[in-house]
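Structural overview
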Amino acid sequence: MFGILYRFKWSRLILNYIELYFNNCCIHGFRYLVLTVLLILERLLWLILLVVSVYFCIISCLSSVDRFKHKSTHIGLERNYYHWNTSLPSITVCPMQRLNESLFSKYCRQHGIREKFKIELWNFLENLANSTYFNFDRIPVYDSIDSTLDQLNIHPEQYMELIYNLTFDGTYEPIERQRIHCTDGQIHIGVRQVLTEYGICYLSNSYLSEEYSSRYFIFGLYPEYNKYLHANRFVQVKIGTFFEKDVGFTIMGFDTEAIDTYMHSPFEVMKVDNNFGYTVEGTSYEPESEEITADANLEKEASISQRKCRFYHESNLTHFPIYTRNICQQECRLNLAYKICRCIPHFYPNNIRNPKPVCNYRVLKSCFPKHASFFLKLYEEDSKHEEPAACYCEQNCRDAVIKTKQPQAMRGTRQLLGSLGSSLLVNSWPRNRLKRQVIFSFTDLLVSIGGTAGLYLGFSVLGLVEFIYFFTLRLVWHMIGYKI
């Protein structure tokens, strides 16, 4: 009996406290629910009005939250091209002779590799260094290769390291005429040796950090300081304006029989299946570039899921320290190769906590050619259906769309310059560009929710503070006073 009375007393106390809050709160309509002078019908009317108001307030607030999460950014079109600074495209050049003859001869002398074994090892390593998804089947197989690799204690995990050690980085050549460099005639533009899906190549005019380099991918070390590059007037990326004509640069210094050239955005890396083909002469390109820029506050005010794009330092990849859409697709290709062939090609970075096994050259010849189209396109075609690979890559927040006319051969450049190279000349500037912008920030979300709560309920920040105060600090003191 006493327990029932005690529980009734506590229930009554709670109801009285809620009634006290309704009589004193700043939210419109609540006090009419507990006014004793009103009829039951009037109270019921106010209750219905409050329920409807709270319902539509919640619906409107959820709509604002959904807009903030999924529709807070958009891509706008800009046309004020008089004020733009447009970045020139990047060029990646892959020399068709990768190994350095002097370094290779020295290596063979040190390890006692002579005569036909030396010739066969050269052919094997040179083809391995030039191999990728569309020509793995061209790697030569000699009876002596396995025994030679065993003698040198070279396992598949050391393939790329050996190739790198036998490849001279042409950007460090002390003789300027023979150095791989990029210039517009007055200033020097950044060039670095990079590791691509087509082996060791040279990248010029790029915004990507030095983590994208052959030395970092293979050893985890940043490129060494290049005194020859920084001794001259130097820029990382060449830019131009609408009022400038014939802006360009030339990358040269390739002492090889042929080169393969890739042109791409300065915010991106090359795609192995998007080249211009081998050339034994210098080549000139006339590209057109349309940039995709971003607001200065885009990274801070919008998450990756909201803007649906990534900056290069926002990498979520396992094997690569930086992010671009093409690098993300390289990791998809790498994972697909591991799934099908149970190993990965030697030209991928593998300095991770749990490195994947690297393919033996025999696996490269036997497994990869059968699935080359699947690896390159990331979907498999047959007569019935297309089976896509499980791969999703966000766009780059900053990027450029590059279009170019048919390249023109520059005959006689080898005799004139003593080396091969590629030239880029921009004589047509874009009149449109795209810009990623934040149109609904977190501040806008707060204003929207606050305005909605104020419209439907007369609720405010002070009303929220009052609610928290009433059911925390004041409630405690009320309970203590009751017990006393």
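Data block above holds the structure.
Residues numbered from 1 in each chain as written. Predicted model: local features only at pLDDT ≥ 70, side-chain atom pairs only at ≥ 80, totals over all residues. Heavy atoms only, no water.

**Comments concerning the sheet that holds strand β1 (residues 73-78)**
The criterion, for reference: Think of it this way: DSSP has to see at least two bridges between two strands before they count as a pair. Elements are defined by DSSP. Helices are runs of H or I of four residues or more, strands are runs of E of two residues or more, and each kind is numbered from the N terminus. Interaxial angles span 0 to 180 degrees and are taken between N-to-C directions of axes, which are lines fitted to C-alpha atoms, for helices over the stretch in contact.
Strands sit in the order β1-β22-β14-β19 across an open sheet of four strands; the sheet is mixed. In the strand order of this sheet, the two ends are held by β1 and β19 (399-404), each with one partner. Within this sheet the neighbouring strands show an average axis-to-axis angle of 20°, counted without direction.

**Details of the environment of Ser-289**
Applied cut-off: Accessible area is worked out with a 1.4 Å probe on protein chains only. A residue is then buried under 20% of its type maximum, exposed over 50%, and partly exposed in between.
Relative to the assigned elements, Ser-289 resides in strand β14 (residues 287-294). On the basis of relative accessible area, Ser-289 is assigned to the buried category, the value being 8%. Along the primary structure Ser-289 and Pro-95 are separated by 194 residues, whereas in three dimensions their C-alpha atoms are 25 Å apart.

**Comments concerning a nonpolar patch on the surface**
For clarity, the threshold we go by: Like-charged residues are merged into a patch within 9 Å and nonpolar side chains (Val, Leu, Ile, Met, Phe, Trp, Tyr) within 5 Å, provided each residue has over 30% relative accessible area and no salt bridge. Method for areas: the Shrake-Rupley scheme with a 1.4 Å probe, in which residue coverage is limited to the protein chains shown. Salt bridges are counted wherever a side-chain nitrogen of Lys or Arg sits within 4 Å of a carboxyl oxygen of Asp or Glu.
On the surface, Leu-39, Leu-41, Leu-44, Leu-47, Ile-48, Val-51, Val-52, Tyr-55, Phe-56, Ile-59, Leu-455 and Tyr-456 cluster together into a nonpolar patch covering about 1,200 Å² of accessible area. Put simply, the parts of the chain that give the nonpolar patch at least two residues each are α2 (40-70) and α15 (442-457). Summarising the element assignment, Leu-44 is placed in helix α2.

**Notes on the packing of α2 against α15**
Rules: The cut-offs work like this: below 35 degrees is roughly parallel, past 145 is roughly antiparallel, 65 to 115 is roughly perpendicular, and the gaps in between are oblique. By the convention used here, residues are in contact when the closest approach between their heavy atoms is within 4.5 Å. The classification used treats Ala, Val, Leu, Ile, Met, Phe, Trp, Tyr, Cys and Pro as nonpolar, Asp, Glu, Lys and Arg as charged, and all other residues, Gly among them, as polar.
At a closest axis distance of 9 Å, the pairing of α2 and α15 adopts a crossing angle of 170°. Here α2 lies roughly antiparallel to α15, going by the angle between them. Contacts between α2 and α15 pair Ser-53, Val-54, Phe-56, Cys-57, Ser-60, Cys-61, Ser-64, Val-65 and Phe-68 from the former with Phe-442, Leu-445, Ser-448, Ile-449, Thr-452, Ala-453, Tyr-456 and Leu-457 from the latter. Of the residues in the contact of α2 with α15, the class split is twelve nonpolar, five polar and no charged.

**Considering the state of the cysteines**
What counts is decided by this rule: Any cysteine sulfur atom paired with another within 2.5 Å is treated as part of a disulfide.
Applying the stated rule across the entire model yields six disulfides. Put simply, Cys-94 and Cys-201 are joined by a disulfide, and their sulfur atoms are 1.9 Å apart. Around the S-S axis, the bridge from Cys-94 to Cys-201 shows a dihedral of about 95° and counts as right-handed. In this pair, Cys-94 is assigned in strand β3 (residues 90-95) and Cys-201 in strand β7 (residues 199-204), connecting sequence segments 107 residues apart. A relative accessible area of 0% places Cys-201 in the buried class.

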